[in-house]
Amino acid sequence: MNLFLRRTVALIAMLGIAITFAGAASADTVQLLSVQSGHSVLLSAEGLTRVAVGDGRIAGVVPVGTSQIVINGKEPGHTSVFVWAGGHRVEYEVTVTEQALDDLAQMLRSSITDPNVSVISFDHSIVVRGSVPDGAHFQQLSDIVTRFDPIAKASGATLVNAVTVSQALGDMQKAIASLPGASDIRVDPDGHGNVIVSGNASDAVTAQAILDKARGLAGPYLSSDGKLIDRLNSLTTSQIDIKVYVLEVDKTAQSNLGLQLNSATFTAATSTTPQTYTIGSPSFPVVEAPGSLGKALTTAPFFRTITLAPTINLLLSEGHARSLDSPDLVTTPGNEATFLVGGQIPVVTSSALGQVNVQYKDYGVSLDVTPQILGNGAIESKISPSVSSLDFADGVTVSGIVIPALKVSKLATDVITKPGESILMGGLVQRIETRTITKVPGLSSLPILGKLFQSTAYQKQDSDVVFVLTPEIVTR
């Protein structure tokens with residue numbers, strides 16, 4: 001009976017020990033530890049009772065008394081080290097890395113000054129993790145990591161940038177979303193140094209205003225070759241209607257052009273009197289707004305005015321000017337609109353194999369205009385008019401066929417106007433020289449004396465081709 005009691009007491013004691021260890025196990029903690037191969041780490045372990053290592057080929061463990069242990073890194077890999085001390089068990093997940101990889105990680109740590117970013121290394125990889133406050137800090141960090149990437153690849157390692165942005169472009173998005181006509185605006189980095197702007201705009205003017213605002217604020221968030229990517233959706237469709245008048249004005253009208261195209265001063269409308277304007281002194285003014293006159297734009301043969309005085313009709317009625325064409329060009333912003341008044345001449349070319357090719361070349365009066373809507377509602381127009389005529393005197397003869405040359409007069413300009421303002425462009429001179437021979441039949445054919453019975457008259461005519469363009473925005 002006494003033997004049975006002793007065995008029962010021993011069994012209860014063993015169960016108590018097991019319960020104690022189970023209670024201690026519930027308080028276990030896991031810690032990460034990185035050691036270079038060939039290096040050691042000294043850990044504090046007060047009340048050390050026991051240690052164990054999972055793979056002794058990767059890491060070795062040496063107790064130092066009852067208060068410290070030394071973990072030695074042997075070769076790269078992962079293993080677990082268990083330490084029983086002070087009635088608790090602590091588990092260490094030990095990563096043994098190559099020394100060259102740790103040296104590279106240490107260099108990267110010394111280059112990154114952001115307190116919330118850390119660099120860890122394991123296996124054959126280096127991971128940069130943490131968070132930065134905004135896109136500017138993220139771009140600076142990305143540039144540093146990119147410079148270390150070739151060194152990591154040369155060492156056979158992989159460099160990973162796992163840093164996130166706490167407030168990615170938040171202030172910029174708030175500033176753009178406050179613009180009138182903007183809705184559901186988002187501004188996001190694409191991870192390659194670009195900035196994406198998306199959302200809805202009420203019309204093309206609002207969309208351009210959003211892009212202009214974003215372009216001014218996105219500088220700190222763009223890389224050296226970064227771009228602003230447009231993903232905006234316009235709720236309405238905007239087109240540009242350009243009314244064009246092409247006039248041919250003779251020399252008499254040119255000398256009086258200052259008298260015919262007068263300035264206009266406005267009288268503001270009231271409740272009793274309508275708005276009127278009065279023809280002013282001869283000039284080429286810029287009428288910027290009702291009630292005010294601007295300075296004259298005298299850059300080359302280009303002038304701008306809101307009100308084109310109707311006296312230009314007098315030039316037409318007196319025969320000093322004639323209308324060549326008056327097309328109405330409609331195009332979308334950023335796309336070119338063209339027209340041609342004239343024709344095409346065949347140009348014969350031959351190849352090295354003796355084959356003859358015929359190409360057609362335009363001549364006459366042509367206009368190329370590319371309008372663009374700006375964020376403030378103005379219209380920027382890139383205008384390229386040209387005037388060309390056939391020149392048989394300077395032509396070439398190919399296989400008995402005379403191919404005339406072309407006399408060309410052209411210019412190009414970039415103008416910004418408000419919708420409804422007119423652009424007046426001149427200076428495209430067209431010169432026509434004619435020779436008229438008058439003969440007396442029969443007598444003019446006599447030898448020597450025949451010259452006495454014929455006369456030659458030369459006539460030279462200069463004309464100026466004037467373009468009047470009025471762009472307006474059409475929204476649907």
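The preceding data block contains the structure.
A short tour of the structure in this document, coming up. Note that this is a predicted model, so its numbers are computed, not measured.

### Quick word on the environment of Ser234
In step 1: Mapped onto the elements of the fold, Ser234 is located in strand β13 (residues 228–234).
In step 2: Through-space distance from the C-alpha of Ser234 to that of Ala204 is 6.3 Å; in sequence the pair is 30 residues apart.
In step 3: Setting aside its immediate chain neighbours within four residues, Ser234 contacts Ala201, Ser202, Asp203 and Ala204.
In step 4: One polar contact links the side chain of Ser234 to the main-chain carbonyl oxygen of Thr236, over a distance of 2.7 Å.

### What to know about the pattern of salt bridges
In step 1: Here the structure, examined in full by the defined rule, presents five salt bridges.
In step 2: Among the salt bridges present, the one from Asp212 reaches Arg215, with a minimum N-O distance of 3.3 Å. Pair noted here: Asp212 and Arg215 are both in helix α5 (residues 204–217), with a separation of three residues, about one helical turn.
In step 3: A residue is classified by how much of its surface remains accessible, and Arg215, at 48% relative accessible area, is partly exposed.

### Focus: a nonpolar patch on the surface
In step 1: Side chains of Val348, Val356, Val358 and Tyr360 sit close together on the surface and give an oily, nonpolar patch of about 370 Å² of accessible area.
In step 2: Broken down by element, the residue count for the nonpolar patch peaks at three residues, all from strand β21 (residues 356–373).
In step 3: Relative to the helices and strands, Val356 is located in strand β21.
In step 4: Residue Val356 is classed as exposed on the basis of its relative accessible area of 55%.

What counts, and where the lines are drawn
- Residues numbered from 1 in each chain as written.
- Predicted model: local features only at pLDDT ≥ 70, side-chain atom pairs only at ≥ 80, totals over all residues.
- Heavy atoms only, no water.
- Helix = DSSP H or I, 4+ residues; strand = E, 2+ residues; numbered from the N terminus.
- Contact = heavy atoms within 4.5 Å.
- Polar contact = N/O pair within 3.5 Å; in protein donor to acceptor, adjacent residues only side chain to side chain.
- Salt bridge = Lys/Arg side-chain N within 4 Å of Asp/Glu carboxyl O.
- Buried < 20%, exposed > 50% of the residue type's maximum accessible area, 1.4 Å probe, protein only.
- Patch = residues over 30% accessible without salt bridge, like charges linked within 9 Å, V, L, I, M, F, W, Y side chains within 5 Å.
- Areas by Shrake-Rupley, 256 points an atom, 1.4 Å probe, with all protein chains shown as cover.

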